[in-house]
Every structure is written in structure tokens, then in C-alpha cells.
Amino acid sequence: MIGITSLRVFVQVAECGNIRDAAARLYRTPSAVSMTLKQLERDLGAPLFETDRKSRLTTLGDKVFSIAKEMLREHDRALERIEAAATGRQGRLQLASVPSVAAELLPGLLADFLDARPGLTIELIDTDSLGVQALVADGTVELGIAGPPAPSSGLSFDILFRDPFRLVCRSDHPLAGHGAPLAWSDLAGARIIGNDAAKAIAAEECRAVVAASVLKARSVISLLSLVRAGAGVTLLPRLATVSLDAGLVALPLADPEAVREVGVILRDGRNPSPVCHAFLEILSGSCHGPA
């Protein structure tokens, strides 16, 4: 069987016009190159060069040279693609993230990641933590960035950062002028717009307030629209309040435990693909959460 190495040696000799220069290019001895050529000619059953000086190709040699160059070109390109896929420079990355991370932290990281890997395709889905966990669990995406899943979910969780909650209200709301961080008792009488993110707050006073909400919304866009319309106030992680409209304010809470954990979610027992692994290295090195 004719091998790639034999064809590569032949092409180099044909391009150089002599064995000595071809051997230097190939980092092999002239005798090894000569033996490879002789074996190739024996395999083909006919000479490839008109003379022993290797300066002129036979008719067969000319045809083999043309085919071999094209074959080696495609071979090398295929190896490059394999190497790129193995090192995470090519392929496809599918990930899901909670909206605040998708909007505030990921855009710059993904832009830089794509700039360094022109052959890469990325699909980003933004949804709440439960949605992210479901997408990872059923294999729709390989990587999720969200709150911690249940211990029995079959998902792993590695924390990236902790994000404190804020109370979001209109700038003309009575609570907006509160000078100090808000205690849970300060929220008494306020109409709280409930959301799933606030369920991460452990304080019983908060749980009771959220459970008693007569108005609930799922997306950050809907929550902020309701607050803007004067329908009430809501509790959101700080990262979700970075780009608030001028008419809204985000107030700190006195409870130091009013935080959410945000981390990487993967399926248990699965090794990340090279692309995913490469992105995880950048994510863990760059994503330290909100300042």
C-alpha cells in the first residue's frame, strides 16, 4: 500500500529536483529518501524519474506528482481541522445562561472567544435557572450557567460567583429615599412582584413576602416593565440591575445572606468537548461576578 509519507518524500524530491535538498527539507538522510523513492517505484511498478539525478519526471511521475500534491494538501487540511477540533478552535458550542449573565458578562467573553477561533459556531440560549438546568439535563446544550441544581438532578455545579440581591423600585417610590440598606421589615406594606430568582433567598421573612405576592413574573424584562409601570417593587440579583433605566433604582439589602450562587452546570459523568473545555478555562479565569 502506498503511504502518505512515501508520497510526501516523492513530492519534495520532485519540487527540489534532487535528493540532497529534499532530504534537508524533510529532516532525513539522503539515503533514507532514496530508499523511500525506490520502494515507491517498486510499489507502482514503474519509474517516476527519467534519470537517477531526479531532475526530470517520467510521464507517470508527472501524473503522480499532480495527484499526490492535491492529496497531500487535502490530507494536511484534514489534519488541521482535526487538530482545531481537538484543541477547541473549531466545532460548535451550545450553552444556556440566566439572562443577566447572558446580557452583562458573556458578550465580551464570547466575542473574544470567537475572534480567536474563526471556525467556531456558538449558540446561546437565555432562560431562567430551571430552564438552563433542563436544557443541560436533556442534552440540548452542553454547558449551563445558572443557579445550583437539585442534588439528585444528575447535574454537576461549580460556583463562579455570588451575586447579592437588590430591591428594584421606581425612583419616586417611598423606599427609594431610604438611606441605609433595607431590612426585611422595611418592605412591610410594599407590593412585591414575585419571581423565581428571589426564591434563592433563605430568610424566612423574605420567603413569606415572596409567597404572598399577588403578582409574579418570570423574565427580567417583564419584571422591570411592571416596576416601571408602578405595579410594585421586585427583588433581583445585582447583575440584573446593572443597566437599569434612569427612572428605576436598585437598593441594597441589609441581609448578607440575600445572595444567589451562579455557576457552571454540566451533566454528571460527561467529559466536556474540547470547545467546551476551552471556553470553561476562559470563563473561570474571567468571570468573577459583579463588582
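Note that this is a predicted model, so its numbers are computed, not measured.

1. Some details on the layout of surface pockets
Argument step 1. Each pocket or cavity is described by its volume, and for the largest pocket that value is around 970 Å³.
Argument step 2. Around the largest pocket, the lining comprises 39 residues; the ones closest to its centre are Val 98, Asp 128, Ser 129, Ala 197 and Arg 260.
Argument step 3. For the lining of the largest pocket, the secondary-structure elements that each account for two or more residues are helix 5 (99-104), helix 7 (129-137), helix 9 (220-228), strand 7 (233-237) and strand 9 (259-267).
Argument step 4. Counting residues per element, the lining of the largest pocket draws most heavily on helix 9, which supplies six residues.
Argument step 5. The residue makeup of the lining of the largest pocket, split by class, is 20 nonpolar, nine polar and ten charged.

2. Some details on a nonpolar patch on the surface
Argument step 1. On the surface, a cluster of nonpolar side chains totalling about 200 Å² of accessible area is made up of Ile 2, Leu 44 and Leu 60.
Argument step 2. Note that Leu 60 resides in helix 4 (residues 59-86).

3. Describing the nonpolar core
Argument step 1. Val 101, Leu 106, Leu 143, Ile 145, Phe 279 and Leu 283 are the most contacted members of the largest nonpolar core, which totals 31 residues.
Argument step 2. Counting residues per element, the ones that place at least two in this core are strand 1 (90-97), helix 6 (106-115), helix 7, strand 3 (143-146), strand 4 (155-170), strand 9 and helix 10 (274-286).
Argument step 3. The element best represented in this core is helix 10, accounting for six residues.
Argument step 4. Apart from residues lying up to four places away in sequence, Phe 279 is in contact with Leu 93, Leu 95, Leu 106, Leu 109, Leu 110, Phe 113 and Leu 143.

4. Thoughts on the packing of helix 1 (residues 4-16) against helix 3 (residues 30-44)
Argument step 1. Axis separation between helix 1 and helix 3 bottoms out at 9 Å; the angle between their running directions is 110°. Classed by the angle they form, the pair helix 1 and helix 3 counts as roughly perpendicular. Of the two elements, helix 1 crosses helix 3, and the hand of that crossing is left-handed. Residue-level inspection shows Ser 6, Val 9, Phe 10 and Val 13 of helix 1 in contact with helix 3, the latter providing Val 33, Thr 36, Leu 37 and Leu 40.
Argument step 2. When its residues are assigned to classes, the contact of helix 1 with helix 3 shows six nonpolar, two polar and no charged.

What counts and how
- Residues numbered from 1 in each chain as written.
- Predicted model: local features only at pLDDT ≥ 70, side-chain atom pairs only at ≥ 80, totals over all residues.
- Heavy atoms only, no water.
- 1 Å grid on protein atoms, 1.4 Å probe; cavity = no way out; pocket = protein on both sides within 12 Å on 5 of 7 lines; lining within 4 Å.
- Points joined across faces, edges and corners; volume = space filled by probe spheres on them.
- Helix = DSSP H or I, 4+ residues; strand = E, 2+ residues; numbered from the N terminus.
- Nonpolar A, V, L, I, M, F, W, Y, C, P; charged D, E, K, R; others polar.
- Patch = residues over 30% accessible without salt bridge, like charges linked within 9 Å, V, L, I, M, F, W, Y side chains within 5 Å.
- Areas by Shrake-Rupley, 256 points an atom, 1.4 Å probe, with all protein chains shown as cover.
- Salt bridge = Lys/Arg side-chain N within 4 Å of Asp/Glu carboxyl O.
- Core = buried A, V, L, I, M, F, W, Y, C linked by side-chain atoms within 4.5 Å.
- Buried < 20%, exposed > 50% of the residue type's maximum accessible area, 1.4 Å probe, protein only.
- Contact = heavy atoms within 4.5 Å.
- Axes fitted to C-alpha atoms, helices over the stretch in contact; angles between N-to-C directions.
- Parallel < 35°, antiparallel > 145°, perpendicular 65-115°, else oblique.
- Left-handed = near helix turned anticlockwise from the far one by under 90°.

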